[in-house]
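Given next are the chains, with one letter for each unit.
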Amino acid sequence: MSTIFRDYSSSDALQSDRSSGDRLRHRQKVRDAIRDNIADIVAEQAIIGRSRDTIVKVPLRGIKEYRFVFGNNNAKAGQGKGDSQPGQRVGKVPQPGDEPGDGEAGDQPGVDYYETDITLEELIDLMFEDLELPDLERKALRETISHAATKRKGYRKVGIRVQLDKRRTALARVKRKVALDHPEGEGGDTAVEAEAIAAVQAEPVGGGFVPIPGRFPFLKNDMRFRRRSEATDYDSNAVVICMMDTSGSMDQQKKYLARSFFFLLYQFVRTRYEHVELVFIAHDAEAHEVSEDDFFHKGESGGTLISTAYARALEVIDQRYHPALWNVYAFHCSDGDNMPGDNPRAVKLAGQLCEVCNLFGYGEIKPSGYFRDQDAMLGVFKALKADNFQAIRIGDKSDVWSSFRNFLTRDKAGLSTIT
Amino acid sequence: MAVPWTLRDLEYWDARIREKVAEFGLNCYPQEFELCDHTQMLSLMAYSGMPSHYPHWSYGKSFERQKTLYDHGVSGLPYEMVINSNPCIAYLMRQNSLALQILTMAHVYGHNDFFANNFTFNHTRADLVVETFKNHANRVRAYSADPSIGIDKVETILDAAHALSMQCRRNPAIRKRNEAEQKQVAMAGPPSDPFQSVHKRPVTQTPDLNRVPLEPEEDVLIFIRDHATNMPVWQKDLLTIVHEQMQYFLPQIETKIMNEGWACYWHRTIMNSLELPSEIHMEFLVRHNQVVRPIPNDINPYHLGLKMWDDIVRRHDEPSFDEIEEMQQSPQAISRPSGREAIFHIRDVDRDVSFLRRFLTRKLMHEMDMIEMEPEGDDLIVSRVSDEDNWQEVKRTLIAYTGMGSTPVIRIVDSDHGGNRTLLLRHEYDGRELLLEYAERTLRYVQQLWGRRVVLQTVLDDKEVAFSWDGADFEQA
C-alpha cells in the first residue's frame, strides 16, 4: 500500500478554524473571572480620562485546570551540565503550572494565565454590568457625542445633499425661467439672463440630457447649499474636579465606589462638552493635586481636614479654570471622618465652591455595616443651602447609579436629563 | 527556505524512505501525510492531533496559549504531529524546508512502527481511533444541544471529569480483577503454613466483604460512574468518554522516552542511509542536533531515549570487557542477540518505567551527568549525582517522575465511609506530598460528581491528614 499525501488547500485552511467555539467559551470564562473581581480591578486601574482602546492588564483567578499534582518541595531528577557536584545551585524552583504541556494530554497542570489583556471599553462594559446600569442609560454614557458647534455662513452652489436649501434652489430655477421667457430687455436683469443662457449652454447636451418639451428642469447651477463653518464655542469647556479623602480609612472597596462615581461623572460631562479636563485633588490633613494613578494608589494616613481640599479646588479654579470660560463640576468623596473643628470652615468653602461650580457634590461612602449615626459630614452639610449642591450617601455599588442621577438633577446648566 | 519543493518531491523521498523502512524491518501501519499551515498546526496541537474532537473551553485556552507563545517567538511549532491510528495520520508543516520534511517523514515512520508494535498500544484500537473520537464529539455536541442539558452543564461535568481523568490504572498489562475474583481473593485465608505448630499463630482479620470496592480502586471516574446515586445517563456517558480518551492517550504518556528515542534512532539511521545531497544532509545534522540536545536541569526525552537505544545496540554489538562478563552471568547468555534484534524486542515489551529500570546503566547516567535536585528556598540545589553511592537513588527519583509517575496515585478505598455514603480516597504516599491548593480544588470536583461528602487521606510533613469536603465546608482532620 502506498502512502497517501493530502496537499494543503487554502480553502480548507480558511474553514478550519475549529477552535473558535472553544476559544469563545474560554474568553467568556475569562470575562466572568474579570467580572467577579471587577471591584478590585477598577479600584486598581486608572480608567478615568483614558482612551477607550487602551489595553489594561488584568490579574486573573479562577480558570486554572486543577488536578491532583505533587508539590514543588520534592526532589526531581534531571540532566546536569556536566561535572555537577552535590550542593551546587542549579536554578530556581519552578512554580506550579510552569511545566510546558506537550502535545498529548499533559500530565502537568497547564500554564494558567495570571493576567490577561482587555480593552478599557470591555472593562467599562463590565463595570456598567456590575453597577446594574439600565441599558438605555448605558448607551447614553457610552456614546461620546462631542458638542461640535457650527454657524451658518451664507450659501454656495456646491455642497452635500443634506445641506441643500430647497427654497433657494427653487427660486434660482424660477429666476432662470423668467430670464429665458423674456429674452429682450423689458427691464429684465441682463446679468441673470446671461447667466441663465450660459447655464443651459454649459449643460452637456450629448451627455444624456434631452430637453423635454413643456418642462423646465432643475440644472446643477440652480442648486443652493447652506454653508456652515465651525464656531468656537467657549461654553464647551468643562473641568471635572475629583476630590477624595485618601486617609487610611479609605479601603479598596470604598475607592472602587468613589472611582466608579467619578468615572460616571466624567463620562457624563464628556457627552455634553467638547473639551473636558480632569483635576484630581487628594487630601488627608492637607490637599495636593495629583495624577490619577497617585489619586487611587497613594495610601496616606493621619487626620482628615476636608476644608483643605476645597481651598485647593478654589485655588485651582481661580488660577486655571475661570468660571466665565469653564463649566466646573466638582465632586468630593470621603468616608466622613472629618476633624470636628474643621467643619465650619469646610461648609464655608463649600458654599464658595457652589458659587463657581455648575454642580458640586459631596458623597459619603459608608459601605453597609457602618453605623448610620456616623454620617457626620452629611449632617454638617445640611447647613449648606445651595441649589446646585447635593450631599449623598453611597452605601454599596447599587447606590452609585441612583445617587448619580440624584446628583445631576441639581445641575445649574439644566443637564438634568440623561436619556 | 533553501530549496522550494513540491508534493512530487515529498512523494519521491517518501518512496526512498519506505524502501529503507522495509529494509530495516520496521513494521508500520499504512501512512498518511497531510500538509497544513501554522494556524492549522496550532489547532491540531490543541486537540492532540485528532481530526475530530469534542469541544471544551480548555482546548480554546490551550490554543490561545500556544498561539501567544508562538506569536511572541517564545516557542516554535513542532515539525510534525503524528497520531496513533491505523492508517497512521501525520501532519507536515508546509512552511518547512525540504530537508526538514524528509527528516520529519523518517521520524514519523519511527513513531508509526512504535505505535503498531509496542504492547501498551495494543488496546488502543488504532483502526477505530478517528471514528471513536468523532463519535465522542457527536455525543458531547448532542448533549450540549439538548435543551434540557445545555453547554454549561456539559462543561461543568467535563471540567470535573478532566480534573480526575489521570486518576486511572497505569499499567494495562496488569489485568484488573473483576468483582467475583476480588471476592475470592478477599475470602481466601493466608496460605497454609507447614510449620504452623512452631510458628506464632498469625492474627487473621475477617475481610469486610460488604465493602465497595473490595480492593482499592484506581479508576476514579469509572467507579463514580458505576456507583454514584442519581447520576443521569448523560453524565455517566461524559465520564465514560473522558475515561476512554485518557485510556487512548495513556500509552503515549507511558512511553514518551522510548517512543521519541525510537523515532530519533530511526530517522537518523534512515537519513544516514539515504545518500542525501550534501546541503540537505547538513541541514539535517543541524536540526537533528537541535532536537536531541540535552536540556539542563531537565529531561529531554528525545535525548535520553536516543542515548539509551544507542547504548543498548552498542552493548550487544560491541560490548566492553566488563559487559561481556556481566552478560555471561545472565540467563540470556546462551543466545546473544544482535543489537538490532535486541532493540526490536525491547520496543515490543517495555514501557518507560521498565525501560529505564532495565537499561539505564550507571555508566550512561554518569556520562549524561544525571543529577537529583532538591529545592532549598527558591533555589534548586543538586542533592545527588550519579556516582558510585548515589546513582541508584538518582535513578529511582527519575523513574518516580516518569510517565504516569508524575501523577499521584489516588485510590478509592470505601464508598460508604462512616455509613453515610461518604467517598473515602487515599493518596498512596511515596514520599512526595500533594500540592495542597490543587488537591483541595480537585477534591471539590470529586464531591461534585459523587454528590456527597468526600474524604482524602494523605500525608503532610510526615503526618497522616485527611481533608473532607461536603459541598459547603472544608475540614482538615
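Note: the structure precedes this text.
Keep in mind the model is a prediction, meaning the values are calculated, not measured. Within each chain, residues carry numbers counting from 1 in the order of the written sequence. The lettering of chains begins at A and the numbering of ligands begins at 1, in the order of writing. Side-chain atom pairs in this predicted model are given and counted only at pLDDT of 80 or more, local residue features only at pLDDT of at least 70, and totals for whole chains, interfaces and linings cover all residues. To obtain the side-chain values, all non-hydrogen atoms of the structure were used and water was disregarded.

Caption draft 1: Molecular detail of unusual backbone geometry. Residue and element names in this part refer to chain B. With omega at 0°, the peptide bond leading from asparagine 86 into proline 87 counts as cis. The residue proline 87 is located in the loop between strand E2 (80–83) and strand E3 (88–93) in this model. With an omega of -5°, the peptide bond running from valine 212 to proline 213 counts as cis. Put simply, DSSP marks the helices as runs of H or I at least four residues long and the strands as runs of E at least two long, and each gets a number from the N terminus on. Along the polypeptide, proline 213 turns up in the loop between helix H7 (179–187) and helix H8 (220–227). The backbone of glutamate 275 shows a phi angle near 55°, a positive value even though the residue is not glycine. Take glutamate 275: its relative accessible area is 70%, and that puts it in the exposed class. The phi dihedral of asparagine 297 falls on the positive side, at around 65°, and the residue is not glycine. Locating asparagine 297 in the fold gives a position in the loop between helix H11 (278–291) and helix H12 (301–317). Per-residue accessibility, obtained with a 1.4 Å probe over protein chains only, is compared with the maximum for each type, and a residue is labelled buried under 20%, exposed over 50%, and partly exposed between these values.

Caption draft 2: Examining the interface of chain B and chain A more closely. Contact with chain B, which involves 100 residues of that partner, is made by 65 residues of chain A. A combined buried area of about 7,500 Å² lies between chain B and chain A, and 55% of that area is made up of carbon and sulfur atoms. We define buried area as the total accessible area lost by two parts upon association, computed with a 1.4 Å probe and summed across both. On the chain B side of the contact with chain A, Trp57, Lys61 and Tyr438 of chain B bury the most area, a combined 11% of that side's loss. Salt bridges are identified by distance alone: a Lys or Arg side-chain nitrogen within 4 Å of an Asp or Glu carboxyl oxygen. Between the two partners, chain B and chain A, sit six salt bridges. For arginine 6 of chain A, the salt bridge goes to glutamate 34 of chain B, with nearest N and O atoms at 3.2 Å. We call two residues contacting when some pair of their heavy atoms lies within 4.5 Å.

Caption draft 3: Geometry of the sheet that holds strand E3 (residues 76–79) of chain A. At least two bridges found by DSSP between two strands are what make those strands a pair. Strand order in the open sheet made by the four strands is E3(A)-E4(B)-E5(B)-E4(A), with antiparallel pairing throughout. Because the sheet does not close on itself, it has two edges, and the strands there are E3 and strand E4 (89–92) of chain A. Going across the sheet, the axis of each strand differs from the next one's by a mean of 45°, ignoring polarity. Bridge count between E4 of chain A and strand E5 (residues 379–385) of chain B: three bridges; the pairing is antiparallel. Among the inter-strand pairings, arginine 89 of chain A is bridged to a residue of E5 of chain B, identified as isoleucine 381 of chain B. All axes here are fitted lines through C-alpha atoms, helices being fitted over the stretch that makes contact, and every angle between N-to-C directions spans 0 to 180 degrees.

Caption draft 4: Layout of the side chain of aspartate 342 of chain A. Residue and element names in this part refer to chain A. As for its placement among the helices and strands, aspartate 342 is situated in the loop between strand E11 (327–334) and helix H11 (343–356). When charges are counted, neither His nor the chain ends are considered; positive counts come from Lys and Arg and negative counts from Asp and Glu. In this structure aspartate 342 is buried but unpaired, with arginine 345 as the nearest side chain of opposite charge at 4.4 Å. Distance and chemistry together define a polar contact, namely a pair of N or O atoms within 3.5 Å, with one atom able to donate a hydrogen and the other to accept it when in protein, and with adjacent residues in sequence counting only for side-chain atoms on both sides. Engagement of the side chain of aspartate 342 in a polar contact is seen with the backbone nitrogen of isoleucine 306, the distance being 3.0 Å.

Caption draft 5: Looking closely at the environment of arginine 169 of chain B. Residue and element names in this part refer to chain B. Topologically, arginine 169 is positioned in the loop between helix H6 (150–164) and H7. Taking the relative accessible area as the measure of exposure, arginine 169 reaches 24% and is therefore partly exposed. Sequence-wise, arginine 169 and valine 459 are 290 residues apart; in three dimensions their C-alpha atoms are separated by 21 Å. Leave out the neighbours within four places in its chain, and arginine 169 touches Ile174, Arg175, Lys176, Glu218, Asp219 and Leu250. In this structure the side chain of arginine 169 is engaged in a polar contact, spanning 2.7 Å, whose partner is the backbone oxygen of isoleucine 174.

Caption draft 6: A look at the packing of aromatic side chains. Residues and elements named next belong to chain A. Geometry of aromatic contacts follows a simple scheme: Phe, Tyr and Trp rings, the Trp one being its six-membered ring, pair when their centres are within 6.5 Å, and the pair is stacked under 30 degrees between planes, edge-to-face over 60, tilted otherwise. A full pass over the atoms with the stated rule returns 32 aromatic pairs over all chains. Relative to phenylalanine 360, the ring of tyrosine 310 lies with its centre 5.4 Å away and its plane at 90°, an arrangement referred to as edge-to-face. Highlighted residues: tyrosine 310 in helix H10 (residues 306–320) and phenylalanine 360 in strand E12 (residues 359–365), separated in sequence by 50 residues. Neither tyrosine 310 nor phenylalanine 360 differs from the other in exposure class; each is buried.

Caption draft 7: Representation of the nonpolar core within the structure. Residue and element names in this part refer to chain B. Among the buried residues, those of types Ala, Val, Leu, Ile, Met, Phe, Trp, Tyr and Cys that are joined through side-chain atoms within 4.5 Å form a nonpolar core. If you look at the biggest cluster of nonpolar residues, it comprises 68 residues, and the most contacted ones within it are Ile17, Ile102, Leu304 and Trp309. For this core, the element with the highest residue contribution is helix H4 (residues 98–117), accounting for 11 residues. When sequence neighbours within four positions are dropped, the list of residues in contact with isoleucine 102 reads Trp13, Ile17, Met271, Leu274, Leu276 and Ile280. Judged by nonpolar contacts, the second largest core, of 65 residues, contains Met93, Leu158, Ala228 and Met231.

Caption draft 8: Geometry of the side chain of glutamate 283 of chain B. Residue and element names in this part refer to chain B. Looking at the secondary structure, you find glutamate 283 in helix H11. Taking relative accessible area as the criterion, glutamate 283 reaches 18% and is therefore assigned buried. Side-chain polar atoms of glutamate 283 contact the side chain of serine 97, separated by 2.7 Å. Each residue touching glutamate 283, except ones within four places of it in the same chain, is listed here: Ser97 and Ala99.

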